[in-house]
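Examination of the molecular architecture
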Amino acid sequence: MFNFSANHLLLLSRTECRSCAVFLMQDHSTRRVYRLYDFTQSLALEANVFYCVAGKVNSADKLYLVIESVKRDTKHAWSSTAPAPVDGAEDSPMF
């Protein structure tokens, strides 16, 4: 077994299997997609949130990235592309 860690990951999908939950996550910088396995089936990750993931690589006959810990990636904040209202006009009624 080898250690792995990755930062700046976004959740693409979650699939429930009998023995684990499988997360597809994409590295926002490199666009590489990872298939991560949660055998505890206890993680509840949200979309549009960056995560740091650490775990083990099990390479017996297939490559499995087994999650050991997940936390929000606070160094890479989500940047909104929505335009900001001018002069506080977001709540002003139109006459």
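Before reading on, note that the structure itself is shown above.
Keep in mind that this is a model prediction, so the values were computed, not measured.

1. Let's talk about the overall build of the chain
- Secondary structure summary: the chain contains zero helices and five strands in total.
- The order of helices and strands in the chain, counted from the N terminus, is β-β-β-β-β.
- Residues counted as buried form 29% of the 95 residues belonging to the chain.
- Look at the contacts in the chain between residues 6 or more apart in sequence, and 42% of them connect residues 24 or more apart.
- Accessible surface computed for the chain: about 7,100 Å², of which carbon and sulfur atoms make up 52%.

2. Here we look at the packing of aromatic side chains
- Considering all chains together, one arrives at two aromatic pairs under this definition.
- When the ring of Tyr37 is compared with that of Phe39, the centres are 6.2 Å apart and the planes differ by 15°; the resulting orientation is stacked.
- Residue classification places Tyr37 among the buried positions, given a relative accessible area of 12%.
- Ring geometry for Tyr37 and Tyr64: centres 4.9 Å apart, planes at 75°, overall edge-to-face. Here Tyr37 is found in strand E3 (residues 33-38), whereas its partner Tyr64 is found in strand E5 (residues 64-72), with 27 residues between them in sequence.
- The partly exposed category is assigned to Tyr64, whose relative accessible area is 26%.
- Clustering of aromatic rings is evident, with ring pairs tying together Tyr37, Phe39 and Tyr64.

3. Side note on the sheet that holds strand E4 (residues 51-58)
- Overall, mixed pairing links the five strands, which are arranged E1-E2-E3-E5-E4 in a closed barrel. Neighbouring strand axes in the sheet, compared pairwise and without regard to direction, differ in orientation by 55° on average.
- Of the pairings in the sheet, the one linking E4 to E5 comprises eight bridges and is antiparallel in character. Its bridge partner lying in E5, Lys56 is registered against Val66.

About the criteria used
Residues numbered from 1 in each chain as written. Predicted model: local features only at pLDDT ≥ 70, side-chain atom pairs only at ≥ 80, totals over all residues. Heavy atoms only, no water. Helix = DSSP H or I, 4+ residues; strand = E, 2+ residues; numbered from the N terminus. Buried < 20%, exposed > 50% of the residue type's maximum accessible area, 1.4 Å probe, protein only. Contact = heavy atoms within 4.5 Å. Areas by Shrake-Rupley, 256 points an atom, 1.4 Å probe, with all protein chains shown as cover. Phe/Tyr/Trp six-rings, centres within 6.5 Å; stacked < 30°, edge-to-face > 60°. Pairing = 2+ DSSP bridges. Axes fitted to C-alpha atoms, helices over the stretch in contact; angles between N-to-C directions.

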